Amino acid sequence: METRRLRWEELPTAVRTAVQDRTGPVFGAQTMVSGNNNAVAAWLRTARGEVFVKGLPRAHPQFWAQQREAELGAHVAPIGPRLLWRVEAGGWSLLGFEYIAGRQACYAPGSPDLLLLAQTLTELADRPLPPVALEPVEWRWAEYMGESADLQRFAGDTLVHTDLNPANVLITGERSYLVDWVWAGRGAVWLDAAIAVIWLLASELHTPASAEAWAARMPAWHQAPARSLDAFAAANAVKWGEIAAREDWAHGLCRSSRLWAAHRSR
């Protein structure tokens, strides 16, 4: 569901006051243009430093996403930005995160960002599950597989991000950070590496072989049985094909997932 993005100045006075009780006076605000799941997404320059703020009205249908990010926010650093505070005021819920002064990742072949992403995904795969309730992500592919398909191929006890759009990977020069943990859950240790292959192919600069060669840099990739990767590629081709039939933005992922599925089937 697309949500209209508000500027900081458009928020109710009570909400802005509650935020400034945490940050001190706000000297400047820049609204982020990417993403469509938050009514507010802004970088604030405040008396107590820079902070990234995102939020929704509590009555919004996607408020569950705000809840998930709040629960995970204290556990994802340094892979993701640390949650600093949460404000509930005027019917709104706002989250304040440490500000990452980075740029969007480049997924082109040979990009140094890909090495940083592989390092971050390896770090994530090695972390223990955080002490929060996490959705088993394998059910997200249930309707896109045959009746006899074994969803347990995708199951596991690893925290997985699952939304590796390059806009969700920030590069600082020293490392990459994963932001927007709305779709995080519990799954197989190799899932994020496999999902990243689809996003690399969506750049239209990689071949399936080169994308898999990049994924092979990560130890988690080698824990995936070939038949599980085959099944995952096939399920995503169906999934993104159905989404692309309704949503224009998904056409690139439809093409890339079908390309990967065809490669795996050979």
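The structure displayed is predicted, hence computed values, not measured ones. (Residues numbered from 1 in each chain as written. Predicted model: local features only at pLDDT ≥ 70, side-chain atom pairs only at ≥ 80, totals over all residues. Heavy atoms only, no water.)

Colleague: How would you sum up the sheet that holds strand 1 (residues 26–31)? Please name residues and give values.
Modeller: Whenever strands of a sheet pair, they do so through backbone hydrogen bonds, lying parallel or antiparallel. Overall, antiparallel pairing links the five strands, which are arranged 1-2-3-5-4 in an open sheet. Edge positions in the open sheet fall to strand 1 and strand 4 (83–89), since each of these has one partner strand only. Pairwise comparison of adjacent strand axes, ignoring direction, gives a mean angle of 25° for this sheet. Relative to strand 5 (residues 92–98), strand 4 runs antiparallel, the two being bridged by six bridges. Across the sheet, the residue bridging to Trp85 is Gly96, located in strand 5. Packed onto the sheet, helix 1 (residues 13–23) meets strand 1, strand 2 (40–46), strand 3 (49–57), strand 4 and strand 5 and runs at close to 150° relative to strand 4. Docked against the sheet, helix 2 (residues 63–73) engages strand 3, strand 4 and strand 5, running at close to 35° with respect to strand 5. (Pairing = 2+ DSSP bridges. Helix = DSSP H or I, 4+ residues; strand = E, 2+ residues; numbered from the N terminus. Axes fitted to C-alpha atoms, helices over the stretch in contact; angles between N-to-C directions. Contact = heavy atoms within 4.5 Å.)

Colleague: Residues and numbers for the nonpolar core, please.
Modeller: Among the nonpolar cores identified, the biggest contains 61 residues, and Trp190, Trp214 and Trp260 are the most heavily contacted of them. Elements that contribute at least two residues to this core include exactly helix 3 (112–125), strand 7 (158–160), strand 8 (169–171), helix 4 (191–202), helix 5 (208–215), helix 6 (226–244) and helix 7 (251–265). With sequence-adjacent residues up to four places away left out, Trp260 is seen in contact with Ala194, Val197, Ile198, Leu201, Pro208, Glu212, Trp221, Leu229, Phe232 and Ala233. Counting residues in hydrophobic clusters, the runner-up holds 19 residues, among them Leu6, Ala18, Val40 and Trp85. (Core = buried A, V, L, I, M, F, W, Y, C linked by side-chain atoms within 4.5 Å. Buried < 20%, exposed > 50% of the residue type's maximum accessible area, 1.4 Å probe, protein only.)

Colleague: So what's going on with the sheet that holds strand 8? Residues and values would help.
Modeller: Spatial ordering of the open sheet is given by 6-8-9, a layout of three strands whose pairing is antiparallel. Of all the strands in the sheet, the pair left with one neighbour each is strand 6 (103–104) and strand 9 (176–178). Those strands touched by helix 3 are strand 6, strand 8 and strand 9, and its axis lies near 50° from that of strand 9.

Colleague: Outline the pattern of salt bridges, listing residues and values.
Modeller: Under the defined criterion, the tally for this structure stands at 13 salt bridges. Across the salt bridge formed by Arg140 and Glu135, the nearest N and O atoms sit 2.8 Å from each other. Take Arg140: its relative accessible area is 18%, and that puts it in the buried class. (Salt bridge = Lys/Arg side-chain N within 4 Å of Asp/Glu carboxyl O.)

Colleague: Please set out the packing of aromatic side chains residue by residue, giving values where relevant.
Modeller: Throughout the structure, instances matching the rule amount to eight aromatic pairs. Geometrically, the ring pair formed by Trp141 and Phe154 is edge-to-face, given 6.0 Å between the ring centres and 80° between the ring planes. Of the two residues, Trp141 is situated in the loop between helix 3 and strand 7 and Phe154 in the loop between helix 3 and strand 7; the sequence distance between them amounts to 13 residues. Exposure class is identical for Trp141 and Phe154. Each is buried. Through a chain of ring-to-ring contacts, the aromatic side chains of Trp141, Phe154, Trp190 and Phe232 assemble into a single cluster. One residue, Arg175, lies across the ring of Tyr177, its end atom 5.2 Å from the ring centre. (Phe/Tyr/Trp six-rings, centres within 6.5 Å; stacked < 30°, edge-to-face > 60°. Lys NZ or Arg CZ within 6 Å of the ring centre and 35° of its normal.)

Colleague: Now, about the side chain of Thr23: what can you tell me, with residues and values included?
Modeller: Examined against the element boundaries, Thr23 turns out to sit in helix 1. Once residues lying within four places of it in the same chain are set aside, the contact partners of Thr23 are Thr46, Ala47, Arg48, Val51 and Trp85.

Colleague: Describe the packing of helix 5 against helix 7, listing the residues and the values that go with them.
Modeller: When two helices pack together, their arrangement is given by the angle between the helix axes and by the axis-to-axis distance. At a minimum axis distance of 10 Å, the contact between helix 5 and helix 7 shows a crossing angle of 85°. Looking at the two axes, helix 5 sits roughly perpendicular to helix 7. Contacts from Pro208, Ala209 and Glu212 in helix 5 reach Leu259, Trp260, His263 and Arg264 in helix 7. Per-class residue counts for the contact of helix 5 with helix 7 are four nonpolar, one polar and two charged. (Parallel < 35°, antiparallel > 145°, perpendicular 65-115°, else oblique. Nonpolar A, V, L, I, M, F, W, Y, C, P; charged D, E, K, R; others polar.)

Colleague: So what's going on with unusual backbone geometry? Which residues, and what values?
Modeller: Residue Pro78 is reached from Ala77 by a cis peptide bond, and omega for that bond is 0°. Of note, Pro78 is situated in the loop between helix 2 and strand 4. Phi at Thr162 is positive, roughly 75°, even though this residue is not glycine. When you line up the elements, Thr162 lands in the loop between strand 7 and strand 8. Positive phi, close to 60°, is recorded for Asp180, a residue that is not glycine. Within the fold, Asp180 resides in the loop between strand 9 and strand 10 (185–187).

Colleague: Now, about the pairing of strand 3: what can you tell me, with residues and values included?
Modeller: Where strand 2 meets strand 3, seven bridges bridge the pair, whose relative direction is antiparallel. Across the sheet, the residue bridging to Thr46 is Gly49, located in strand 3. Two successive antiparallel strands, strand 2 and strand 3, enclose a turn made up of two residues. Pairing between strand 3 and strand 5: seven bridges, direction antiparallel. From the neighbouring strand, Val51 faces strand 5, where its bridge partner is Glu98.

These figures come from the coordinates and say nothing about function on their own.
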